[in-house]
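# Structural features, examined
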Amino acid sequence: MLVNMSKLLADAQKGDYAVGSFSVANMEMVLGVLKAAKELNAPVILQIAEVRLKQSPLEIIGPLMVAAAKNADTPVAVHFDHGKTIEKINQALELGFTSVMFDGSHLELDENIKITKEVITLAKKYGADVEAEIGCVGGSEDGSEDIAINCTKPYDAVKFEKETNVDALAIAIGNAHGNYKSTPKLRFDILEQVEKNTKLPLVLHGGTGISPDDFIRCSHTGIKKINIATATFDSVEYEVRDAYKNDEIGGYYDLQAAEVEGAYQNAKRHILIFGTDNKA
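These remarks concern the structure in this document. (Residues numbered from 1 in each chain as written. Predicted model: local features only at pLDDT ≥ 70, side-chain atom pairs only at ≥ 80, totals over all residues. Heavy atoms only, no water.)

## Remarks on the overall build of the protein
Counting secondary structure elements, the protein contains ten helices and eight strands. Scaling as 2.2 N^0.38, a compact globule of 280 residues should have a C-alpha radius of gyration of about 19 Å, and the protein matches this with 18 Å. Along the longest, intermediate and shortest principal axes, the C-alpha atoms of the protein span 55 × 40 × 35 Å. A total of 280 residues make up the protein; the buried ones form 56% of that total. Once local pairs closer than 6 in sequence are excluded, the contacts in the protein between residues at least 24 apart make up 71%. Of the roughly 12,200 Å² of accessible surface on the protein, a fraction of 50% belongs to carbon and sulfur atoms. Across the protein, 29 positive and 41 negative side-chain charges occur, with their mean positions spaced 5 Å apart. (Helix = DSSP H or I, 4+ residues; strand = E, 2+ residues; numbered from the N terminus. Rg over C-alpha atoms; globule rule 2.2 N^0.38 Å. Buried < 20%, exposed > 50% of the residue type's maximum accessible area, 1.4 Å probe, protein only. Contact = heavy atoms within 4.5 Å. Areas by Shrake-Rupley, 256 points an atom, 1.4 Å probe, with all protein chains shown as cover. Lys, Arg positive; Asp, Glu negative; His and termini not counted. Charge placed at Lys NZ, Arg CZ, Asp CG, Glu CD.)

Put into structure tokens, the structure is as follows:
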């Protein structure tokens, strides 16, 4: 069933777990994620980032994501990730997305707050939630930039919450988009300070490559939404490669099944780590 992100994150705060937010690029990935959610009786979030719309146009993938969520057996929120333009954020809301993210992490804090408040006003008309970001998560969503990590200042998070009352806040604690070049060293000291001084559900971007132990520690320290993008795409690609290597592709529908399987296995693994199984 299609639900609001804030409902899933409020339940996660009460239950002391995190909800997986899985990036998708086509129908097969959507089917794979929802297959894992159904099997494990887990709530999930389906998301797509603005930078990915070149490959998956919003007017095509968006209605598919919303329809899939409405027909799902478990609670599913549909999220527009890393929104850069009001135009695309508005389009996602028109299509029925239940949450949108405005990424103003590259802006001065006051400007980020100002535009985030405008997005919140817009989203309220649709009954949708808003996620924002402060501090810079390393890398970039599509791997085209090598953005340096700029960790969130805890007092900025306090100010941001007070002035915006946003529904979820992504923070930078040494995490990065894409595949890590070395094992990430997360700043749990910063996370602990933000959790202690705010009531917001916190979001971890750049989840691919973070260890299960660190994921679990994050989920018990205020992180209630964990984004998984690169791992999804990698898992689908590996599954397809293996299927060809093992001579298991006899036609298009075998290829489609391999894509679904790759997304399913990846979502299943993360749902179990995040502790979301049997929380639907």
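## A short note on the nonpolar core
Buried together is how nonpolar side chains tend to be arranged in soluble globular proteins. Formed by 70 residues in total, the largest nonpolar core has its most connected members in M65, F80, F97, V100 and L169. Setting aside its immediate chain neighbours within four residues, F97 contacts I48, L58, G62, M65, V66, V78, H79, F80, A92 and A128. By size, the runner-up hydrophobic cluster in this structure holds twelve residues, among which are V3, L8, A12 and A170. (Core = buried A, V, L, I, M, F, W, Y, C linked by side-chain atoms within 4.5 Å.)

## A closer look at the pattern of salt bridges
Scanning all chains against the criterion turns up 13 salt bridges. Two residues, D16 and K224, come together in a salt bridge whose shortest N-O distance is 3.8 Å. Linking D16 in the loop between α1 (5–15) and β1 (19–23) with K224 in strand β8 (residues 223–228), this pair joins segments that are 208 residues apart in sequence. The partner of K159 in a salt bridge is E163, with the nearest N and O atoms 4.0 Å apart. Within this pair, K159 and its partner E163 are both found in helix α6 (residues 154–164), separated by four residues, close to a single helical turn. Connected through salt bridges with shared partners, the residues D110, K159 and E163 form a single ionic network. (Salt bridge = Lys/Arg side-chain N within 4 Å of Asp/Glu carboxyl O.)

## As for the packing of aromatic side chains
Taken as a whole, this structure holds three aromatic pairs when the rule is applied. On the numbers, 6.3 Å between centres and 80° between planes, the contact of F80 with F97 is edge-to-face. Here F80 is found in strand β3 (residues 76–83), whereas its partner F97 is found in the loop between α4 (86–95) and β4 (99–102), with 17 residues between them in sequence. An identical accessibility class is assigned to F80 and F97; each is buried. Relative to F274, the ring of F215 has its centre 5.1 Å away and its plane inclined at 80°; by these criteria the two rings are edge-to-face. (Phe/Tyr/Trp six-rings, centres within 6.5 Å; stacked < 30°, edge-to-face > 60°.)

## Digging into α1
Buried residues of α1: M5, L8, L9 and A12, and no others. In an axial view of α1, the angular spread of the buried residues amounts to 95°, which keeps them on one side of the axis. Immediately downstream of α1, the backbone of D16 shows phi near 60°, a positive value. (Arc of directions from axis to C-beta.)

## Thoughts on a negative patch on the surface
On the surface, D242, D247, E248 and D254 cluster together into a negatively charged patch. Residue classification places D242 among the partly exposed residues on the basis of a relative accessible area of 37%. (Patch = residues over 30% accessible without salt bridge, like charges linked within 9 Å, V, L, I, M, F, W, Y side chains within 5 Å.)

## Focus on the sheet that holds β4
Spatial ordering of the closed barrel is given by β1-β2-β3-β4-β5-β6-β7-β8, a layout of eight strands whose pairing is parallel. Each neighbouring strand pair of the sheet contributes to a mean axis angle of 25°, computed without reference to strand direction. Direction of pairing for strand β2 (residues 44–49) relative to β3: parallel, over a ladder of six bridges. Bridging across to β3, L46 finds its partner in V78. Contacting β4 and β5 (129–134), helix α5 (residues 109–124) runs over the sheet at an angle of about 170° to β5. (Pairing = 2+ DSSP bridges. Axes fitted to C-alpha atoms, helices over the stretch in contact; angles between N-to-C directions.)

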